[in-house]
Amino acid sequence: MSHPPIRLSTPDEVAAIHRVWRASVDATHGFVAPADVALYEHLLVRLYLPSKPLWLALSSEGTIQGFIGLAGPKIEALFVHPDWHRKGVGRRLITHAQGLSPHLMVDVNAQNPGAVDFYAALGFLEVGRSPVDHAGKPYPLIHMARV
């Protein structure tokens, strides 16, 4: 099946990207306290989403299936709407990112085994750990790299 090309987001897609993020977090991040989800959501909407475009995977109808945010080789965000989980969307986004930067790195919540397994299946290896996330919250991270 042919997919539309992955493309950069536009400013008018921020609300749709936010909806994908929220649906994905609700489906996969049950370990995060509601107050912390609210904090991350505030940072996402106010700072992250407006600051730079993200790469979007779209359905043939133009619906945003998922997105990836990159800072050079660092994957800052990868979220797929739960309607599209296990359908190759995340893999397509990683393949696209790999074409932009061959030595990708990512920090994955240790409490999200599905995400850890996803990256491991794509050739990412654990290269370190942190006891807290980037906001200092008690969500341990596994640092992974694809070399």
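Our subject is the structure that appears above.
Residues numbered from 1 in each chain as written. Predicted model: local features only at pLDDT ≥ 70, side-chain atom pairs only at ≥ 80, totals over all residues. Heavy atoms only, no water.

A. Geometry of the overall build of the chain. Check the secondary structure of the chain and you find four helices and seven strands. Along the chain, from the amino end to the carboxyl end, the secondary structure elements read β-α-α-β-β-β-α-β-α-β-β. Based on the C-alpha atoms only, the size of the chain along its principal axes is roughly 40 × 35 × 25 Å. Across the chain, the fraction of contacts at a sequence separation of at least 24, relative to all contacts at a separation of at least 6, is 60%. Between the averaged position of the 13 positive side-chain charges in the chain and that of its 12 negative side-chain charges there is a distance of 3 Å. (Helix = DSSP H or I, 4+ residues; strand = E, 2+ residues; numbered from the N terminus. Contact = heavy atoms within 4.5 Å. Lys, Arg positive; Asp, Glu negative; His and termini not counted. Charge placed at Lys NZ, Arg CZ, Asp CG, Glu CD.)

B. Main features of the nonpolar core. Grouped together as the largest cluster of nonpolar side chains are 22 residues, with contacts concentrated most on Ile-68, Ile-75, Leu-93, Ile-94, Tyr-119 and Phe-124. It is helix 3 (residues 89-100) that contributes the most residues to this core, four residues altogether. Residue contacts for Ile-94: discarding those within four places in its chain leaves Ile-68, Ile-75, Leu-78, Leu-104, Phe-118, Tyr-119, Leu-122, Phe-124 and Arg-146. Formed by 17 residues, the second largest nonpolar core is a distinct cluster that contains Ile-17, Trp-21, Val-37 and Leu-49. (Core = buried A, V, L, I, M, F, W, Y, C linked by side-chain atoms within 4.5 Å. Buried < 20%, exposed > 50% of the residue type's maximum accessible area, 1.4 Å probe, protein only.)

C. How the structure looks around the packing of aromatic side chains. This structure, assessed with the given rule, holds five aromatic pairs. Seen in terms of ring centroids, Phe-67 and Phe-79 are 5.7 Å apart; in terms of plane orientation they differ by 35 degrees. Their pairing is tilted. Of this pair, Phe-67 sits in strand 3 (residues 64-71) while Phe-79 sits in strand 4 (residues 74-80); the two residues are 12 residues apart in sequence, bridging distant segments of the chain. Note on accessibility: Phe-67 and Phe-79 belong to one class, buried. Taken together, a centroid distance of 5.1 Å and an interplanar angle of 80 degrees make the contact between Tyr-119 and Phe-124 edge-to-face. (Phe/Tyr/Trp six-rings, centres within 6.5 Å; stacked < 30°, edge-to-face > 60°.)

D. Seen up close, the sheet that holds strand 4. Sheet architecture is open: seven strands sit in the order 1-2-3-4-5-7-6, paired in mixed fashion. If you trace the sheet from one side to the other, it starts and ends with strand 1 (7-8) and strand 6 (125-130), each paired once. When strand 6 meets strand 7 (residues 141-145), the two strands line up antiparallel, connected through five bridges. Bridge pairing in strand 7 places Arg-129 opposite Ile-142. This element, helix 1 (residues 14-28), spans strand 2 (55-58), strand 3 and strand 4 of the sheet and lies at about 95 degrees to strand 3. (Pairing = 2+ DSSP bridges. Axes fitted to C-alpha atoms, helices over the stretch in contact; angles between N-to-C directions.)

E. Local environment of the pattern of salt bridges. The full count for this structure, using the stated rule, is seven salt bridges. Measuring nitrogen to oxygen at the nearest pair gives 2.6 Å for the salt bridge that ties Glu-41 to Arg-22. One end of the pair, Glu-41, is in helix 2 (residues 34-51); the other, Arg-22, is in helix 1, and 19 residues separate them in sequence. The exposure class of Glu-41 is buried, given its relative accessible area of 16%. Exposure remark for Arg-22: the relative accessible area of 29% places this residue in the partly exposed category. (Salt bridge = Lys/Arg side-chain N within 4 Å of Asp/Glu carboxyl O.)

F. Highlighting unusual backbone geometry. Even without being glycine, Arg-86 reaches a positive phi, approximately 65 degrees. On the basis of relative accessible area, Arg-86 is assigned to the exposed category, the value being 86%.

On their own, these measurements won't tell you what the molecule is for.
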